[in-house]
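Here are the chains, one letter per residue:
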Amino acid sequence: MNIANLLRSTARSFADRQALSFGDRPVHTYGSLHDRAARLAAGLRGLPGMQPGDRVALAMKNCPQYFETMWACWQAGLCAVPINSKLHPREFAYIFENTGARLAFVTSDLAEALTPLSGEIDTLDRVVCVEDAEYETLCRHEPLEMQAVAESDPAWLFYTSGTTGRPKGAVLSHHALLAMTLRYYADVDHVGLDDHMIHCAPLSHASGLYSLPHIAKGSGHVIPASQGFDPAEVFDLIAMYPNATIFCAPTMVTRMTAHPGAEGVKPGQFRTIFYGGAPMYLEDLKRALAKFGPCLWQGYGQGEMPNTITFLSKAMHADTAHPRFEERLTTVGVPRTGVEVRIVDEDDNDLTPGEIGEVIARSDLCMSGYWNNPEASAKTLRGGWLHTGDLGSMDEEGFLTLKDRSKDLIISGGTNIYPREVEEALLIHPGVLECSVIGRHHPDWGEEVVAFVVTREGQRPSEAELDRVCLDNIARFKRPKAYFFIDALPKSAYGKILKSELREMLKAGA
Ligand code: AMP
C-alpha cells in the first residue's frame, strides 16, 4: 500500500475537518490538504526527467508546505528526503548528492545558500523555494491519482545525524511507515478527530514521523508561528488546541518544566508529551512529572527503526505505587509491540539479564538498509538484526537500561565507567541545569572522568559540593577529577549533546 492512502482516506471521510494550522491561522482542511498534495504531485511528475521512485529533498524548517510536499511525493510515487533545516550547506550538499535527488524544496531562509547547488550537483535539476511563485505554479495542475508502489519501495530516506562519520540515509519503505503508524495505536494512544499534534521539533525527525498516525485518524496539526520551539508559545498553543501531543527532545522537556508558564498548564491540555532521542535524566523526569502529570511517554529508537524500539508508557510513568517505580524511570522501558530486542556480545551471543552488551532489534519497522551503502547496510543489519551501536542491559522483566554508546564509555584503570551514571548523580544537585561527562587521557589510568557543567541562573555549586553529590550517590572512582563550568553544552541540530565537541574543547584547552 502506498502510504499516501492514509491522507487520501482521511480526506474522503473527513474532508471538512481542520488538518493544518499555522499558529492560530487555519491553513488546510483534510479535503484541501489532499487536493493540494494531489495537484503538486501532478506538478512533480510533470517535471522533465522525473521518474517513479526519484528522490525529492525537503530542506525546510517547519512550515505548512512541509505537509503538502511530503504527501505530494508519496501521492506521486516519489521518495521524500526530509533533512534537518539546521544543517550546514556543505552537509545539505552531501545529502543531495548522496540521494541523487532531482529536486529540493527549500524555505526562504535556506534558498540563497542552497539554490546554487543545482548548478554544482549533476543530479540536482532544480531547487524550488516553497514561498515563491514557482511553487504555486507546480501546485496548479489537475490532481494526480495516487500512484501504485510496492510496499518495499523507499518512501522516506532518514539521514542519521552522522555523529560517527558521514550521515547515512536509512531507507524507510511504505510498509515500514505503515507498521510504525499502526504501532502508535498499540503503544502510545488511540488518536482521533479531537486530538492535535503541535510540531515544535523538526518535522524531519520524530515529530514528522508521528504525524502519520495523526493524519490517518484526522487529528489537527499545528505548526507554531515561530516555526520552532518556544515554551511560552507551546503553552499558548495548548490552550487553543486541546488534547495536544508534542514530541520533545529531553532538553525541550526540561526547558518547558523550568518555564514559569508551566504553572498554568491544566490537566488534559497535554495529552501526550513523547520524548526521546537522547537520555532523559531521572531528576529532570521527576520534575517534569510533577509539573505536567503522567502525560509523558518515552521512546528509545533510531531513524533506522523509527519511533521506536522500546517505550516507557504513560501508565509506567504514573505507577508511583510500583516498588521499582523510580528504577523503571531510569530505563527506556520495554520492547514496542512486535519488536524483538536482544542484548548481545561482540559475536552476537545472547547475554544474560543485567549483563551489558549491544542492543540489537528486529521488526518489520526496520529500515531496509542504508541508501547506496551496501557495506554499511550489511554490517548494521547482519543476521537480520539491526545493530544499534547502543550499549545496554535488560532486566528479568524486559526493561532496557541504556548505557552510553561504546565510543562514549570511559575506561579508567581498566574499569568501565558509564558517563550517564555520573551525569545522573550530578543532576541531583539543584544548581546543575545540564551536564555532560567524558574521558580525558591520563598517563597512568588511561582515562579519567571530567565533567562539563551548565549551572542554573544565579547558582554556582562549588566543586566540593559536586564531589559530595557524587560521593553520596556513586562509587568514589567514578567521581569527576575536573569540572568545567560552561554557558551551554554543544548540541546537534536535533538537540543531542555533542561529546565530540567537548573532546575537542578539552584538547584545545590542553
Ligand atoms: P536518531 O536516529 O537521530 O534518533 O538517534 C538515535 C540514537 O539516539 C540512539 O541510537 C540512541 O543512542 C539515542 N537515543 C534515542 N532515544 C533515546 C532515549 N530514549 N534515551 C537515550 N538515548 C536515546
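Quick notes on the rules
- Residues numbered from 1 in each chain as written.
- Predicted model: local features only at pLDDT ≥ 70, side-chain atom pairs only at ≥ 80, totals over all residues.
- Heavy atoms only, no water.
- Helix = DSSP H or I, 4+ residues; strand = E, 2+ residues; numbered from the N terminus.
- Rg over C-alpha atoms; globule rule 2.2 N^0.38 Å.
- Buried < 20%, exposed > 50% of the residue type's maximum accessible area, 1.4 Å probe, protein only.
- Contact = heavy atoms within 4.5 Å.
- Areas by Shrake-Rupley, 256 points an atom, 1.4 Å probe, with all protein chains shown as cover.
- Lys, Arg positive; Asp, Glu negative; His and termini not counted.
- Charge placed at Lys NZ, Arg CZ, Asp CG, Glu CD.
- Near = heavy atom within 4 Å.
- Polar contact = N/O pair within 3.5 Å; in protein donor to acceptor, adjacent residues only side chain to side chain.
- Nonpolar A, V, L, I, M, F, W, Y, C, P; charged D, E, K, R; others polar.
- UniProt positions renumbered as here; feature names shortened; annotations may be inferred.
- Patch = residues over 30% accessible without salt bridge, like charges linked within 9 Å, V, L, I, M, F, W, Y side chains within 5 Å.
- Salt bridge = Lys/Arg side-chain N within 4 Å of Asp/Glu carboxyl O.
- Pairing = 2+ DSSP bridges.
- Axes fitted to C-alpha atoms, helices over the stretch in contact; angles between N-to-C directions.
- Phe/Tyr/Trp six-rings, centres within 6.5 Å; stacked < 30°, edge-to-face > 60°.
- Disulfide = S-S within 2.5 Å.

Caption draft 1: A look at the overall build of the protein chain. For the protein chain, the count of helices and strands is 19 helices and 24 strands. The C-alpha atoms of the protein chain give 23 Å as radius of gyration, which agrees with the globular expectation for 510 residues (24 Å, within 12%). Structurally, the protein chain occupies a C-alpha span of about 70 × 50 × 45 Å along its principal axes. A buried classification covers 58% of the 510 residues belonging to the protein chain. The contacts in the protein chain between residues at least 6 apart in sequence include a share of 67% that link residues at least 24 apart. Of the roughly 20,400 Å² of accessible surface on the protein chain, a fraction of 50% belongs to carbon and sulfur atoms. A gap of 1 Å separates the mean positions of the 49 positive and 65 negative side-chain charges of the protein chain.

Caption draft 2: Just the site of the ligand, in detail. Within the structure, the ligand sits among 16 residues, and Gln298, Gly299, Gln302, Gly303 and Asp390 are positioned closest to it. Between the ligand and Ala278 there is a distance of 3.3 Å, counted from a nitrogen atom to a backbone nitrogen or oxygen. Protein contact buries 89% of the 500 Å² of open area that the ligand shows by itself. With five residues, the single largest contributor to the shell around the ligand is strand S13 (residues 296-302). Its residues placed into classes, the shell around the ligand shows five nonpolar, eight polar and three charged.

Caption draft 3: Quick peek at the UniProt feature "domain: AMP-binding enzyme C-terminal" (unreviewed entry) in the protein chain. According to UniProt, the "domain: AMP-binding enzyme C-terminal" (unreviewed entry) feature falls on residues 421-496. For residues 421-496, helix accounts for 24% and strand for 33%, while the C-alpha atoms at its two ends are 17 Å apart.

Caption draft 4: Just a negative patch on the surface, in detail. Together, Asp109, Glu131, Asp132 and Glu134 make up a region of like negative charge exposed at the surface. Take Glu131: it is sitting in the loop between strand S6 (126-129) and helix H7 (133-138). You can call Glu131 partly exposed: its relative accessible area is 46%.

Caption draft 5: Here's a closer look at the sheet that holds strand S18 (residues 386-394). The antiparallel open sheet is built from four strands, whose spatial order is S16-S17-S18-S19. Looking along the sheet, the strands with just one partner apiece sit at the ends: strand S16 (340-344) and strand S19 (400-402). Here the strands of the sheet are splayed against their neighbours by 50° on average, with no regard to which way each runs. In terms of strand pairing, strand S17 (residues 357-362) meets S18 through four bridges, oriented antiparallel. The partner of Ala361 across the bridge, within S18, is Leu386.

Caption draft 6: Local environment of the packing of aromatic side chains. Scanning all chains against the criterion turns up 14 aromatic pairs. Measuring from ring centre to ring centre gives 5.7 Å for Phe105 and Tyr135, while their planes differ by 90°; the resulting arrangement is edge-to-face. Separated by 30 residues along the polypeptide, Phe105 in strand S5 (residues 103-106) and Tyr135 in helix H7 bring together distant segments of the chain. With respect to burial, Phe105 and Tyr135 carry one shared label: buried.

Caption draft 7: Region of interest: the pairing of strand S14 (residues 305-312). Counting buried residues along S14, eight of its eight residues qualify, which places the element largely inside the surrounding structure. Sheet topology places S13 next to S14; four bridges connect them, and they run antiparallel. For Gln302, the partnering residue across the bridge sits in S14 and is Met305. Note that S14 and strand S15 (residues 334-335) share two bridges and pair antiparallel. Of the residues in S15, the one forming a bridge with Thr310 is Pro335.

Caption draft 8: Inspection of the state of the cysteines at higher detail. If you walk through the whole model with that rule in mind, you get zero disulfides. Looking at Cys63, it has no disulfide partner, and the nearest cysteine sulfur is the one in Cys129, 9.2 Å off.

Caption draft 9: Structural detail: the pattern of salt bridges. Under the counting rule described, the total for this entry stands at 31 salt bridges. Residue Asp350 is joined to Arg342 by a salt bridge in which the shortest nitrogen-to-oxygen separation is 2.8 Å. Taken together, the salt bridges that share partners define one network made up of Arg324, Glu327, Arg328, Asp395 and Glu397.

Caption draft 10: Spatial organisation of helix H13 (residues 282-292). By the burial criterion, the buried members of H13 are Leu282, Glu283, Asp284, Leu285, Ala288, Leu289 and Phe292. The first or second residue beyond H13 is Gly293, which carries a positive phi of 75°.

Caption draft 11: Structural context of helix H1 (residues 5-13). For H1, the set of buried residues is Asn5, Leu6, Leu7, Thr10 and Ala11. Residues of H1 that are buried make contact with helix H2 (30-45), helix H3 (64-75), helix H8 (174-187) and helix H10 (211-216).

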